[in-house]
Amino acid sequence: MVVGSGATGLPAAIVAREAGASVIVVEVEPDIGGHAITSGGNVPLGGGNSAQRAHGIEDSADLMFRDLTDWSVVEPNGFPDYRYNDHEIVRAFCDHAAATHDFLVEHGVVFIDQAPDAHGGNAVGNSVPREMHCAAMGWPMVQTGKPVDPAVRATTSTGNGMMRPLEIAARKLGVEIMLRHRMVALHREATRSGRVLGIAVETNGTRFDVRARNAVIVATGGSTGNVNFRRMFDPRLTEEYCGLAGMPWSDQDASGEIAAMEVGAALWGLYNQAGEFGYSVTKPAAIGCQYNYQNLRWRPGSAVFDKARAIGLLVNDWQDVITVNMLGRRFYDETGRAFTTNNYNSINPYVQGSYLNAKNIVWNPNNWLNAAMAGIGDGKNGGGPIWAIFDADACVREQWVPEPPHVDRAAGFFFRADSIVELARKIVMQYQRAKMPPENLEQTVARYNSFVESGVDADFGKPTPLYKIATPPFYAAWATPVVHDTRAGLRINAHCQVIDMRGEIIPGLYCGGESAGGFSQHGLARATCQGFIAGRHAVSG
Ligand SMILES: Cc1cc2nc3c(=O)[nH]c(=O)nc-3n(C[C@H](O)[C@H](O)[C@H](O)COP(=O)(O)OP(=O)(O)OC[C@H]3O[C@@H](n4cnc5c(N)ncnc54)[C@H](O)[C@@H]3O)c2cc1C
């Protein structure tokens, strides 16, 4: 039994089927793919795979392991990318990465025909280029409902190019994929002992049990969509952080973690989740819509556009807006970046294992996110909604069309008014727990305009504020931080077997991808590789 049809689930299902098992995949959504199908398709599998060899790149499992456990790596805010990983799990990844790449190719994934690089993914290690990119080919993109232009189908990287070929391969091999089926519980011989026997599933209001002869593989994709679960790691992440990247295609509702914990499983590598690096929480790139992650924009034509509701306005230059909190107050330089990843590479020279890497990195904390999530001093957790405030001139400079389907007025993620006072009054929506005092917003805009005149942001040091907010109509667009990666989850060993609170293997239970803990690597490489490991071990031991 494989639970979830994303980057972990489909490789696990195929490998298990080819090893001789009969395999059922249950998937809660009406289509396969999970976050993986919405992804950029950048896959940093290295380890000396066939693409690296074809381009004369010498890599090995040992070199990659050395890179991915380099204690000396820190981001410009001082956070060490690799320090809190479990070496057993990283080693297993390095040992199977090359084989996973070759497996993907053998099962129909077409990588863009170019030398591996280090663009787009993260936690890729620095010694040699390791990253490949899945070609979109002719499948309709989930973001648009249409295939990409044939002229660029072999050169555009998307997760579609990974997941549709894997779906075809799985179905051809006889893997049964049960869509719209939600795993709601795991069955074990006794609550805290014995084998895992199968799962309970819900579909269309009915519940039934499915027995697993060999094993259950939890490939449910993580927990950052579950408010209570994610707040175990970071209490700030209350309900208003509702723009999970990858939604509304699929959620990360922690159902895999919770079901496994109910039969005794432990969590692992928890510090990675709260660590200030990468995208576990990040700055939005588009504004005025609920789902505002930088690399995912939904268009009319997508099967989920009725849930996404708007495309969003992509911000090219944060000079064009100010960002204010629920009370209408600025809180940070709008051009401030989110947490970074792989930026240790900007130290020149970066030398693997050298104490100088951390010593020489230029300190740059990028605290827009921390300031946005700091709250308004009302004793409550969560920073509340963040609004980008701008005027008609900004729309001209950015070439924004501030109307549906670009913005989501109906659900309260975008407001327009002829004066700043009226704009503040209009901001009413489910997450705006305090009313925005109109005089606050009026003072904030006036003060900011004075900074534009003087050329100095006396409050937050924005580099030379450029544009006044002065030409009606005025706008308020949702610009609240986005949650994304899950980097802490169930404790697994090198075979992806789930481990309980006493440190013992739970027989018959496996996990990989974002629901598994112990390895902070973002994304597809870790997920596909752990699916590969789990699927094989579950059948062949
Ligand atoms: C916009 C975006 C861009 C990205 N770009 C990249 C990139 O370029 N490179 C990269 O390496 N990574 C990227 N990632 C991250 C990568 O897509 C994920 O890390 C990866 O897909 C995780 O794989 P997974 O199998 O753990 O989860 P998923 O791929 O999300 O699959 C989990 C599946 O389980 C299903 N499921 C959940 N709970 C249940 C349940 N109870 N019962 C049944 N089914 C269930 C879900 O519906 C989903 O289909 C990106 C992610 C996003 C959102």
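Residues numbered from 1 in each chain as written. Predicted model: local features only at pLDDT ≥ 70, side-chain atom pairs only at ≥ 80, totals over all residues. Heavy atoms only, no water.

Colleague: Explain the nonpolar core to me, please; I cannot follow it from the model alone.
Modeller: Side chains that are nonpolar tend, in soluble globular proteins, to be buried together. By size, the foremost hydrophobic cluster in this structure holds 104 residues, and its most contacted members are F93, M162, L186, I199, V216, W298 and L509. V281, W368, A394 and F414 belong to the second largest nonpolar core, which has 28 residues in total. (Core = buried A, V, L, I, M, F, W, Y, C linked by side-chain atoms within 4.5 Å. Buried < 20%, exposed > 50% of the residue type's maximum accessible area, 1.4 Å probe, protein only.)

Colleague: Would you mind showing me how to read the site of the ligand here?
Modeller: Taken together, the neighbourhood of the ligand is formed by 38 residues, with T8, E27, N42, E514 and L524 sitting nearest. Between the ligand and the protein, one listed contact pairs an oxygen atom with a side-chain N or O atom of E27 at 2.5 Å. Note that an oxygen atom of the ligand is positioned 2.4 Å from one of the side-chain N or O atoms of E514. At the level of elements, α2 (34-38), β6 (182-190) and α16 (524-540) are the ones that each hand at least two residues to the shell around the ligand. Ranked by residue count, the leading element in the shell around the ligand is α2, at 4 residues. A class-by-class count of the residues in the shell around the ligand yields 12 nonpolar, 22 polar and 4 charged. (Near = heavy atom within 4 Å. Polar contact = N/O pair within 3.5 Å; in protein donor to acceptor, adjacent residues only side chain to side chain. Helix = DSSP H or I, 4+ residues; strand = E, 2+ residues; numbered from the N terminus. Nonpolar A, V, L, I, M, F, W, Y, C, P; charged D, E, K, R; others polar.)

Colleague: How should I be thinking about unusual backbone geometry in this particular structure?
Modeller: Most of the time, phi is negative for any residue but glycine, and the peptide bond is trans. In the segment running from M247 into P248, the intervening peptide bond is cis, with an omega of 5°. Following the sequence through the fold, P248 ends up in the loop between α7 (227-230) and α8 (255-262). Of note, the bond from P472 into P473 is cis; its omega dihedral lies within 30 degrees of zero at 0°. Mapped onto the fold, P473 is located in the loop between α15 (438-454) and β17 (474-478). Phi is positive for M137, close to 50°, though the residue is something other than glycine. Here M137 is to be found in the loop between β4 (132-133) and α6 (160-173). Here M137 falls in the buried class, since its relative accessible area comes to 17%.

Colleague: What should I look at first to understand the sheet that holds β6 in this one?
Modeller: Within a sheet, adjacent strands bond to each other through the backbone by hydrogen bonds, running parallel or antiparallel. Judged by pairing direction, the sheet is antiparallel, and its 3 strands sit side by side in the order β6-β7-β8 without closing on themselves. At either end of the open sheet lies a strand with only one pairing partner, and these are β6 and β8 (206-211). With strand direction ignored, the average angle separating the axes of adjacent strands in the sheet is 30°. Where β6 meets strand β7 (residues 193-203), 7 bridges bridge the pair, whose relative direction is antiparallel. Within β7, the position partnered with M183 by the bridge is V201. (Pairing = 2+ DSSP bridges. Axes fitted to C-alpha atoms, helices over the stretch in contact; angles between N-to-C directions.)

By themselves these figures say nothing about function.
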